[in-house]
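# Analysis of the macromolecular model
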Amino acid sequence: MTIRKKIVLTAAAAAVLSLSGPAFAGGFQLNEQSITGLGRAFAGEGIMGDDLSATWYNPAGMTLLSGTQVQLGGVENAMDMSYKGTDGSTENGRKRISPILHQMVTHQFNDKIWGGLAIVMPFGLADSYNQNWEGAERGYDAKLLTININPSVAWKINDKFSVGAGFSAQYIDATVSMKRNLLGQNVYSRLDADDWGYGWNIGGMWSATDNFRMGFGYRSAITHKAHGTVKLTTDAAGQKAIVAAAQNAKLNPPGSTQAASMIAAMRQANLSFADVMGIAQSGAMTLNGGAQMDAPANANLTFVWKYSPKMRLSGSIRWTDWSSFDNLIINAGGLPHSQTDVPMKWRDSWFFSLGYDLDITPKWTIRGGVAYDRSPISNPRYRTALIPDANRIWATLGATYRMNEHWQFDIAATHIHGIGERNLYASQDANSQKIGRFDKLNCYMVGAGVVYRF
């Protein structure tokens, strides 16, 4: 594989690998599509009937919503990814606080049929390290934006059973920067790529009694084929060294050691003399890059129990098919033999949560929850600084204020604590050396939202 191809492939891979999310969700997922849900650690997601998040989690739950309703909300988050290298160096990938926004609408057409629309951000990322830190060759800066447009319909079969289905159009825009080596000099690559992908979701709800109901939701995998460009840049010292090496080779006789070394290096990198002089003199070069991967399918099983007239208990189990993400397919523009597979070796992840809601007055409800979220990374050598994933414990609190029959205001706060193994290795190779450890992998979130009922 040529140096040029390696640079493009690695940058493209990092862009897709970086889809872990500022909220420190398992793998690529972001859970934060509901403020009331955030307050109870997403226990009972989609079948609570106290906001419009059924449009995303389980469309059958829309049958709990009367008339026409609109919801807007957002979550701010802050990461603490404190890292210490084996050489004593320290880093922290937190860079910017990235809001996770959602908007939803539902409408009851009649006693049997409901329709809804969710516009959410199911994946996201924003982190940054020093461009010359020891892990920079596996990425030092990344940002990801996703927007999912999800219309859905629900049918109330009878008082016991409801079903629903939806369609998703998902846009992804990724940027990632890495440090690489070109002809012995530091070169910094930046990949910008985007794509639209499409999928579907279904759901069902069973109201066993007036006080107990269960739900099941399934969301399909979505294939993304991200395309974009890779921009390579070098600093003044790199420009000077590459120019000197190239000119020295050109001035020397064709059979000289200097010329032979330079020609061999250019051939290895699949670069012409003009390419080398272009990046050396301008300090920049732009190439094609891209990657293909499947955002995994997931399913949830939920329940809610009205324990008393004022208290409801709820729970959720969510499975995500991360074991299907065994390989990442990388394409490096039109370069020869440009397709390659990057092994991921992830496992399925599981999310378990329990929560409660307590009506303390007719206008005020308080809630709380706890959750355990298992990371899809089972082998630490597949962890990168752009995906500092680990098993997580959630602790959440929230409240709702119903001003009148039309207006509802929700707030929530959450702490997510990374636990267990958090080491970082130089590469995925079995004999690669440990280069450091994340002492902390914590996330702090606050959210607010509003529901209006017409």
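Residues numbered from 1 in each chain as written. Predicted model: local features only at pLDDT ≥ 70, side-chain atom pairs only at ≥ 80, totals over all residues. Heavy atoms only, no water.

Further remarks concern the overall build of the protein chain. When its secondary structure is counted, the protein chain shows 6 helices and 23 strands. A buried classification covers 56% of the 454 residues belonging to the protein chain. The contacts in the protein chain between residues at least 6 apart in sequence include a share of 71% that link residues at least 24 apart. Roughly 18,600 Å² of accessible area belongs to the protein chain as shown, and the carbon and sulfur atoms make up 58% of that amount. (Helix = DSSP H or I, 4+ residues; strand = E, 2+ residues; numbered from the N terminus. Buried < 20%, exposed > 50% of the residue type's maximum accessible area, 1.4 Å probe, protein only. Contact = heavy atoms within 4.5 Å. Areas by Shrake-Rupley, 256 points an atom, 1.4 Å probe, with all protein chains shown as cover.)

Once that is clear, we can look at the side chain of Asn300. In this fold, Asn300 is placed in strand β13 (residues 298–306). A polar contact of 3.4 Å, which involves the side chain of Asn300, links it to the backbone oxygen of Tyr57. Residues in contact with Asn300, not counting those within four places in the same chain, are Glu45, Tyr57, Gly215, Phe216, Gly217, Ile317 and Arg318. (Polar contact = N/O pair within 3.5 Å; in protein donor to acceptor, adjacent residues only side chain to side chain.)

On to the side chain of Arg40. By the element assignment, Arg40 lies in the loop between α2 (35–39) and α3 (54–57). On the accessibility criterion, Arg40 (2% relative accessible area) is buried.

Applying the stated criterion across every chain, the model contains 6 cavities of 30 Å³ or more. Looking at the largest cavity, its volume works out to about 320 Å³. Lining the largest cavity we find 22 residues, and of these Gln29, Trp56, Pro122, Arg219 and Asn298 sit closest to its centre. For the lining of the largest cavity, the secondary structure elements donating two or more residues are α3, β10 (212–219) and β13. (1 Å grid on protein atoms, 1.4 Å probe; cavity = no way out; pocket = protein on both sides within 12 Å on 5 of 7 lines; lining within 4 Å. Points joined across faces, edges and corners; volume = space filled by probe spheres on them.)

Take the environment of Ala385 next. By the secondary structure assignment, Ala385 is in the loop between β18 (364–373) and β19 (391–402). Taking relative accessible area as the criterion, Ala385 reaches 4% and is therefore assigned buried. A sequence separation of 293 residues divides Ala385 from Asn92, and the C-alpha atoms of the two residues are 9.5 Å apart. Every residue in contact with Ala385, bar those within four places of it in the chain, is listed here: Asp127, Tyr129, Trp133, Leu424 and Phe438.

A few words on the nonpolar core. Among the nonpolar cores identified, the biggest contains 54 residues, and Leu38, Tyr129, Trp133, Trp394, Leu424, Phe438 and Met445 are the most heavily contacted of them. Leave out the neighbours within four places in its chain, and Phe438 touches Met81, Ser82, Tyr83, Tyr129, Ala385, Pro388, Arg422 and Leu424. Met293, Trp322, Phe325 and Trp346 belong to the second largest nonpolar core, which has 6 residues in total. (Core = buried A, V, L, I, M, F, W, Y, C linked by side-chain atoms within 4.5 Å.)

This part covers the sheet that holds strand β21 (residues 423–425). Read from one edge of the open sheet, 4 strands run β3-β2-β22-β21, paired in antiparallel fashion. At either margin of the open sheet sits one strand with a lone partner, and together these are β3 (90–92) and β21. Averaged over all neighbouring strand pairs, the angle between strand axes comes to 25 degrees, with direction disregarded. As defined by bridge partners, β21 adjoins strand β22 (residues 434–438) across 3 bridges and the pair is classed as antiparallel. Each bridged residue has a counterpart across the sheet, and for Leu424 the counterpart in β22 is Gly436. (Pairing = 2+ DSSP bridges. Axes fitted to C-alpha atoms, helices over the stretch in contact; angles between N-to-C directions.)

The alternating pattern of strand β2 (residues 82–85) places Tyr83 and Gly85 on a buried face, while none of Ser82 and Lys84, on the opposite face, is buried. The antiparallel hairpin formed by β2 and β3 contains 4 residues in its connecting segment, where Gly88 sits at a positive phi of about 95 degrees. Looking at chain direction, β2 and β22 are connected through 3 bridges and run antiparallel. Across the sheet, residue Tyr83 finds its bridge partner in β22, namely Phe438.

With that out of the way, let us pick up the confidence of the model for the protein chain. Model confidence for the protein chain is summarised by a mean pLDDT of 81, while 78% of its residues fall at 70 or above. Between residues 1–24, whose pLDDT stays under 50, and residues either more than four places distant or in other chains, the model counts 105 contacts. (pLDDT = per-residue confidence, 0-100.)

With that settled, the discussion passes to the pattern of salt bridges. Across all of its chains, the model carries 9 salt bridges by this definition. Look at the salt bridges and you will find they share partners, linking Arg40, Asp50, Asp357 and Arg367 into a network. (Salt bridge = Lys/Arg side-chain N within 4 Å of Asp/Glu carboxyl O.)

The next subject is unusual backbone geometry. A positive phi angle is found at Ala41, which is not glycine, with a value near 60 degrees. Mapped onto the fold, Ala41 is located in the loop between α2 and α3. A positive phi angle, near 60 degrees, is found at Phe42, a position not held by glycine. If you trace the backbone, Phe42 turns up in the loop between α2 and α3.

What follows covers the layout of surface pockets. Of the pockets and cavities examined, the second largest pocket occupies roughly 410 Å³. Lining the second largest pocket are 20 residues, and of these Met48, Gly49, Asp50, Arg213 and Arg312 sit closest to its centre. Listed by contribution, the elements that provide at least two residues to the lining of the second largest pocket are β13, β17 (349–359), β18 and β19. Per-element accounting of the lining of the second largest pocket gives the leading share, 3 residues, to β13.

Next up on the list: the environment of Thr234. Structurally, the position occupied by Thr234 is in the loop between β11 (222–233) and α4 (236–251). Put simply, Thr234 and Arg180 are 54 residues apart on the chain and 9.8 Å apart in space, counted from C-alpha to C-alpha.

Under the defined criterion, the tally for this structure stands at 15 aromatic pairs. With 6.2 Å between their ring centres and 15 degrees between their planes, Trp350 and Phe352 make a pair best called stacked. On the accessibility criterion, Trp350 (35% relative accessible area) is partly exposed. Accessibility expressed as a relative area gives 37% for Phe352, which makes it partly exposed. Look at Tyr452 and Phe454: their rings are 4.8 Å apart centre to centre, the planes differ by 85 degrees, and that puts the pair in the edge-to-face class. (Phe/Tyr/Trp six-rings, centres within 6.5 Å; stacked < 30°, edge-to-face > 60°.)

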